[in-house]
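Below, each chain spelled out in residue letters.
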Amino acid sequence: MSAKTTSLSSSAPDASTVPDAFAMQDEVLAPSNLVAFAGRMWAVLFLIALIVFFSIAAPGFLDLFNFQAVGANMAVLLVLGLGQTFVIISAGIDLSTGFVMGLSSVASAIVMQALTGYPLPVIILLGLMTSLFIGLAAGAVNGVLVAYMRVPPFIATLGSLSVAEGVAYVLSGGPPVSISTRGLGFYGNGFLAYFHPDAGLSFLAMPSGVTGTAVRDVLGFFPLQVVYIVILASFCGWLLGSTRFGRHVYAVGGNPKAASRAGIPLGWTLFKIYVLCAVSASLAGFLYVLRFNGGVANAGDALMLSSVAAIAIGGASMLGGHGRRPLLAIRRRWRRHHHGRPGGSGQGEVLPMTMLAPHPVSGAPSIPQAPHPEGLTPVLRCRKVTKRFGGLVAVDQVDFDVYPGETVALLGDNGAGKSTLIQTVAGVHRPDGGTIELDGKEVDIPSPLQARDLGIETVFQDLALCDNLGAAENIFLGREVPGK
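Read on for an overview of the structure. (Residues numbered from 1 in each chain as written. Predicted model: local features only at pLDDT ≥ 70, side-chain atom pairs only at ≥ 80, totals over all residues. Heavy atoms only, no water.)

**Thoughts on the overall build of the chain**
We apply this condition: Numbering of helices and strands starts at the N terminus; helices are DSSP runs of H or I of at least 4 residues and strands are runs of E of at least 2. When checking whether two residues touch, look at their non-hydrogen atoms; a contact exists if any pair is within 4.5 Å.
Along its length, the chain carries 16 helices and 14 strands. In the chain, the proportion of contacts linking residues at least 24 apart, taken out of those at least 6 apart, comes to 74%.

**Focus on a nonpolar patch on the surface**
Cut-off, in case you're wondering: For patch detection, residues must exceed 30% relative accessible area and be free of salt bridges, and they are connected within 9 Å for like charges or within 5 Å for nonpolar side chains (Val, Leu, Ile, Met, Phe, Trp, Tyr). Method for areas: the Shrake-Rupley scheme with a 1.4 Å probe, in which residue coverage is limited to the protein chains shown. By definition, a salt bridge exists where a carboxyl oxygen of Asp or Glu is found within 4 Å of a side-chain nitrogen of Lys or Arg. Here the term buried applies to any residue with accessible area under 20% of the maximum for its type, exposed to any over 50%, and partly exposed to those in between, with areas from a 1.4 Å probe on protein chains only.
A cluster of nonpolar residues, L64, F65, L192, F195, L201, F203, L204, L219 and F222, forms a patch on the protein surface that exposes about 850 Å² of accessible area. In this structure F65 comes out as partly exposed when scored by relative accessible area, which is 34%.

**Re the environment of V70**
With respect to the helices and strands, the residue V70 is situated in helix α4 (residues 64-89). Given a relative accessible area of 40%, V70 falls into the partly exposed group. Separated by 156 residues in the primary sequence, V70 and V226 place their C-alpha atoms 9.5 Å from one another.

**Here we look at the packing of aromatic side chains**
Test applied: Paired rings are identified among Phe, Tyr and Trp, the last through its six-membered ring, by centres lying within 6.5 Å, and are further divided according to the angle between planes into stacked (under 30 degrees), edge-to-face (over 60) and tilted (the rest). Geometrically, a lysine NZ or arginine CZ counts as sitting over a ring once it is within 6 Å of the ring centre and also within 35 degrees of the ring normal.
Summed over the entire model, instances satisfying the criterion amount to eleven aromatic pairs. A ring pair is formed by F235 and W238, whose centres lie 5.9 Å apart and whose planes are at 40°; its orientation type is tilted. You can see F235 and its partner W238 sitting in helix α9 (residues 224-242), three residues apart, about one turn around the helix. The ring centre of F389 lies 5.2 Å from the NZ or CZ of K387, which sits over that ring.

**Let's talk about the sheet that holds strand β5 (residues 219-223)**
Rules: We call two strands paired when DSSP finds no fewer than two bridges between them. As a rule, the C-alpha atoms of each element are fitted with a line to give its axis, helices using only the stretch in contact, and angles between N-to-C directions run from 0 to 180 degrees.
Here three strands make up an open sheet; going across it, the order is β4-β3-β5 and the pairing antiparallel. Two strands bound the open sheet, and with one partner strand each, they are β4 (200-203) and β5. For this sheet the average axis-to-axis angle between neighbouring strands, irrespective of direction, equals 20°. Looking at chain direction, strand β3 (residues 191-196) and β4 are connected through four bridges and run antiparallel.

**Some points on the pairing of strand β12 (residues 433-438)**
Bridge count for strand β9 (residues 380-389) against β12 is five bridges, and the pairing is antiparallel. Among the inter-strand pairings, T386 is bridged to a residue of β12, identified as G433. Pairing of β12 with strand β13 (residues 441-442), which is carried by two bridges, proceeds in the antiparallel orientation. Bridging from a neighbouring strand, E437 pairs with E442 of β13. Connecting β12 to the antiparallel partner β13 that follows it, the hairpin turn spans two residues, and D439 within it adopts a positive phi of roughly 55°.

**Let's talk about the side chain of N142**
Note the threshold: N or O atoms within 3.5 Å of each other form a polar contact, as long as, within protein, one can give a hydrogen and the other can take it, and as long as residues adjacent in sequence are counted only when both atoms are side-chain atoms.
Along the chain, N142 falls in helix α6 (residues 120-148). Separated by 2.4 Å, the side chains of N142 and S160 make a polar contact.

**Considerations on unusual backbone geometry**
For A91, which is not glycine, the phi dihedral falls at a positive 70°. Inspection of the secondary structure assignment puts A91 in the loop between α4 and α5 (97-114). The phi torsion at Q397 lies on the positive side, around 50°, for a residue other than glycine. Within the secondary structure layout, Q397 lies in strand β10 (residues 392-402). Looking at Q397, the relative accessible area reads 36%, which means it is partly exposed.

**Here's the deal with the packing of α5 against helix α12 (residues 266-292)**
As a reminder of what qualifies: Any angle between 65 and 115 degrees counts as roughly perpendicular, while under 35 counts as roughly parallel, over 145 as roughly antiparallel, and the rest as oblique. Less than a right angle of anticlockwise turn of the near helix away from the far helix marks a crossing as left-handed, whereas a clockwise turn marks it as right-handed.
Running from N to C, α5 and α12 cross one another at 50°; their axes reach a closest spacing of 7 Å. By the criterion of interaxial angle, the relationship of α5 to α12 is oblique. Like other packed secondary-structure pairs, α5 and α12 cross with a definite hand, here right-handed. Residue-level contacts link T97, V100, M101, S104, S105, S108 and M112 of α5 to C277, A278, A281, S282, A284, G285, F286, Y288 and V289 of α12.

**A short note on helix α10 (residues 244-254)**
Residue pairs three or four apart in sequence face the same way in an α-helix, which turns once every 3.6 residues. Most of α10 is tucked away: nine of the eleven residues are buried. Buried within α10 we find F245, G246, R247, H248, V249, Y250, A251, V252 and G253. Looking at the buried side of α10, the elements it contacts are α4, α9, α11 (256-261), α12 and α16 (471-475).

**A short note on the nonpolar core**
Note the cut-off: We call a set of buried Ala, Val, Leu, Ile, Met, Phe, Trp, Tyr and Cys residues a nonpolar core when their side-chain atoms join them within 4.5 Å.
Formed by 74 residues in total, the largest nonpolar core has its most connected members in F86 and I273. With 17 residues, the single largest contributor to this core is α12. Excluding anything up to four places from it in sequence, F86 contacts C236, L239, L240, F245, V249, I273 and L276. Formed by 15 residues, the second largest nonpolar core is a distinct cluster that contains C382, V402, L421 and I456.

**As for the pattern of salt bridges**
Under the criterion given, the structure shown has four salt bridges. When the shortest N-O distance is used, the salt bridge between R381 and D401 registers 2.9 Å. Taken together, the positions of R381 in strand β9 and D401 in strand β10 put the pair 20 residues apart, joining distant regions of the chain. Residue classification places R381 among the partly exposed residues on the basis of a relative accessible area of 29%. In this structure D401 comes out as buried when scored by relative accessible area, which is 3%. A salt bridge links R383 to D401; the nearest nitrogen and oxygen atoms lie 3.1 Å apart.

Structure representation (structure tokens):
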């Protein structure tokens with residue numbers, strides 16, 4: 001351990017809980033009977049049953065082109081739900097997505113109509129930039145309200161819904177905003193590939209030489225709307241399943257307290273989640289414009305609830321912390337069963353601490369200390385550190401000198417303030433009095449993240465873990481290795 005690293009521990013974890021966690025994971029991933037399997041895969045089984053039923057009842061339903069049409073029609077709804085997935089997993093909800101989508105469609109349609117006569121790529125690019133701007137602005141408002149002003153997500157996004165709805169109707173004047181630019185409809189209704197029996201295969205355009213009634217024989221494959229959703233879903237799946245941000249989304253939804261103690265900035269993470277959700281809604285509005293050559297204020301009004309339902313059916317928990325990553329066929333769950341909490345025996349506890357040497361506490365007998373070489377500078381020095389909870393004084397003018405290489409045990413009865421003392425030094429609690437110095441300089445430690453940056457690491461007594469994450473994910477939470 002380096003001389004500048006202070007490691008605090010407020011109790012040892014119960015080792016009996018570790019094998020139980022892995023046993024439960026193996027049990028969930030390998031269902032033991034048909035009932036358990038059906039309970040986990042009910043949505044897929046129900047979908048298969050619907051396909052079988054309509055294939056029998058409606059000839060022509062089981063057809064490639066019918067499924068392509070369904071996919072193209074559902075693309076806007078799926079894009080709307082991608083960003084909402086992050087919000088749901090973080091234990092929140094965004095009610096404004098429907099009208100953010102409508103506002104985005106109206107604003108981009110107005111800009112694109114005003115650019116009539118310009119090259120088509122310029123019109124599409126500026127329309128897309130307008131949509132993204134609307135999403136970023138709406139997401140920033142929701143993020144500030146939820147993450148920093150602590151407004152409940154339901155209330156904050158309900159207010160944003162009304163604002164977005166009003167602005168959209170003011171901009172459009174009520175009726176839909178139409179775009180007369182030729183060629184725009186292809187990007188919303190075209191196909192990636194076309195095939196004609198005589199002219200052969202072509203990409204992103206009708207086969208050359210096909211005109212008149214011969215157009216009826218052209219077959220289209222892979223609607224562009226489906227291509228867009230595959231690209232966006234793949235990106236969101238990567239973001240949620242393979243990045244630190246995605247891991248933090250699960251942690252914030254599973255146990256915000258544990259996430260904060262692991263050094264995850266809750267406010268900044270929630271802010272990014274709501275910005276991402278609004279940007280997703282604005283992209284849905286832009287796809288609506290491409291498909292229908294125009295925008296309307298209430299374009300997503302009926303889709304918000306459907307997007308939330310799709311997320312819930314797809315495996316996300318409305319309580320947060322759980323959610324199937326897009327495009328993954330196997331659903332992973334983590335459960336951890338505890339057979340009791342360590343400590344709290346009624347006889348007192350032993351709290352091992354590395355490099356933490358207590359000095360006399362106000363009103364308490366002196367604690368013997370080993371002598372230190374003359375001139376040795378403490379790594380950590382605390383003077384008259386005090387912490388109160390209302391009228392209760394939990395820590396009263398405690399002094400610490402932490403020297404390199406020390407391992408000291410802090411003993412005391414339950415309720416003596418040992419955990420509060422450690423958590424105050426670790427940034428969980430702000431001290432109400434006293435000073436803390438590192439390497440001779442007075443510092444402020446407002447959060448566990450700042451404590452970690454200063455070299456103070458802590459294993460907390462209450463085992464603040466994210467039960468929805470695995471053992472390794474909890475160990476490296478807040479310090480994830482890139483690519484792992």
